[in-house]
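Here is how the chains run, residue by residue.
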Amino acid sequence: GNSVTQMEGPVTLSEEAFLTINCTYTATGYPSLFWYVQYPGEGLQLLLKATKADDKGSNKGFEATYRKETTSFHLEKGSVQVSDSAVYFCALTSNQAGTALIFGKGTTLSVSS
Amino acid sequence: ETGVTQSPTHLIKTRGQQVTLRCSSQSGHNTVSWYQQALGQGPQFIFQYYREEENGRGNFPPRFSGLQFPNYSSELNVNALELDDSALYLCASSLDRGLHNEQFFGPGTRLTVL
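Residues numbered from 1 in each chain as written. Chains lettered and ligands numbered in written order. Predicted model: local features only at pLDDT ≥ 70, side-chain atom pairs only at ≥ 80, totals over all residues. Heavy atoms only, no water.

1. A look at the nonpolar core
Residues and elements named next belong to chain A. Stated precisely, the cut-off is as follows: What we call a nonpolar core is a set of buried Ala, Val, Leu, Ile, Met, Phe, Trp, Tyr and Cys residues that are connected through their side-chain atoms within 4.5 Å. Working definition: with a 1.4 Å probe on protein chains only, accessible area under 20% of the residue-type maximum means buried, over 50% means exposed, and in between means partly exposed. Where helices and strands are cited, they refer to DSSP runs of H or I of at least four residues and of E of at least two residues respectively, numbered from the N terminus. Note on contacts: a residue pair is in contact if any heavy atoms of the two residues lie within 4.5 Å.
In terms of nonpolar packing, the biggest core is built from 26 residues, with Leu19, Trp35, Leu47, Leu48, Phe73, Leu75 and Tyr88 touching the most fellow members. Elements with a contribution of two residues or more to this core: strand E2 (11–14), strand E3 (19–21), strand E4 (23–26), strand E5 (33–38), strand E6 (44–50), strand E8 (62–65), strand E10 (86–94) and strand E12 (107–112). Here this core takes four residues from E10, the largest share from any one element. Once residues lying within four places of it in the same chain are set aside, the contact partners of Leu47 are Trp35, Tyr36, Val37, Asn59, Lys60, Phe62, Leu75 and Tyr88.

2. Some words on the pairing of E2 of chain A
All names here are of chain A. Note the threshold: We treat two strands as partners when DSSP finds at least two bridges between them.
The two faces of E2 differ: Val11 and Leu13 on one face are buried, but Thr12 and Ser14 on the other face are not. As judged from the four bridges shared by E2 and E12, these two strands associate in the parallel manner. Bridging across to E12, Ser14 finds its partner in Ser112.

3. Observations concerning the interface of chain B and chain A
Inclusion rule: Here the buried area means the combined drop in accessible surface, using a 1.4 Å probe, for two parts upon being joined, counting both sides. Counted as salt bridges are all cases of a side-chain nitrogen of Lys or Arg within 4 Å of a carboxyl oxygen of Asp or Glu.
The partner chain A presents 23 residues to the 23 residues of chain B that form the contact. Of all residues in chain B, the largest losses of buried area upon contact with chain A belong to Leu99, His100 and Phe105 of chain B, amounting jointly to 34% of the total for that side. On inspection of chain B and its partner chain A, the count reaches zero salt bridges. Where the side of chain B that touches chain A is concerned, the elements lending two or more residues are strand E4 (31–37), strand E5 (44–50), strand E6 (53–57) and strand E9 (87–94) of chain B.

4. Observations concerning the side chain of Asn2 of chain A
Keep this limit in mind: Contacts described as polar in this section are N or O atom pairs within 3.5 Å, which, within protein, must combine one atom able to donate a hydrogen with one able to accept it, while residues neighboring in sequence count only if both atoms come from side chains.
You can see Asn2 of chain A is positioned in the segment before strand E1 (3–6). One polar contact links the side chain of Asn2 of chain A to the main-chain amide nitrogen of Thr28 of chain A, over a distance of 3.2 Å.

5. A short note on the state of the cysteines
To be explicit about the condition: Cysteine sulfur atoms are paired as a disulfide whenever they come within 2.5 Å of each other.
Under the defined criterion, the tally for this structure stands at two disulfides over all chains. Across a sulfur-sulfur distance of 1.9 Å, Cys23 of chain A and Cys90 of chain A are joined as a disulfide pair. Between Cys23 of chain A and Cys90 of chain A, the S-S dihedral sits near -65°, and the bridge is therefore left-handed. Linking Cys23 of chain A in strand E4 with Cys90 of chain A in strand E10, this pair joins segments that are 67 residues apart in sequence. Residue Cys23 of chain A shares its accessibility class with Cys90 of chain A, and that shared class is buried. The partner cysteine of Cys23 of chain B in its disulfide is Cys91 of chain B, sulfur to sulfur 1.8 Å. Looking along the S-S bond of the Cys23 of chain B-Cys91 of chain B disulfide, the torsion reads about -55°, which is the left-handed sense. Of the two residues, Cys23 of chain B is situated in strand E3 (residues 19–24) and Cys91 of chain B in strand E9; the sequence distance between them amounts to 68 residues. In this structure, Cys23 of chain B and Cys91 of chain B share a single accessibility class: buried.

Below you can see the structure in the form of structure tokens.
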């Protein structure tokens, strides 16, 4: 079945460091890929998405490219801030059961000043 | 524009009881999905409703049931609660059931089963 695997955390970085959170997926068909973020005490928010191969999603300095050949959707940011501290979830939409979002387990990012 | 809202915020129940959680979808959205998020895990898909009909179901037992109303708000009912049902329950709405549509999440209901 469809699934998402993302790197385990926690990831601890200093402010202005480069961030990569790896995400790979298994899917049939042509899913859309998403990164969601969950800030402490808040609900899930969409960070960025890509709907087809080679698409690049970007938002708030974060980027991810839909790579069909490597089945990956790695999240990157060139210079992280303390305010980026949160849990990041990689997800894909699957039409195996409605249009469900299939999530990875999440990666906790902690940025210190 | 009002976002997705859920009630109650927190709930404590005992094993064997029944619970109903409620979700109001974002204005103009006809599709609602429910997810269970255990502590330290990613959300798991429970089921989806589109225009008052169930449109897909994840790997959850039948004691998890739902409903969508004509105004597209929704309920999640869980019967015969078990300790493992303790989790954050998230509702998400989308414009339609298409594969590429963004799902907008509510803040969740934290259910504790004792």
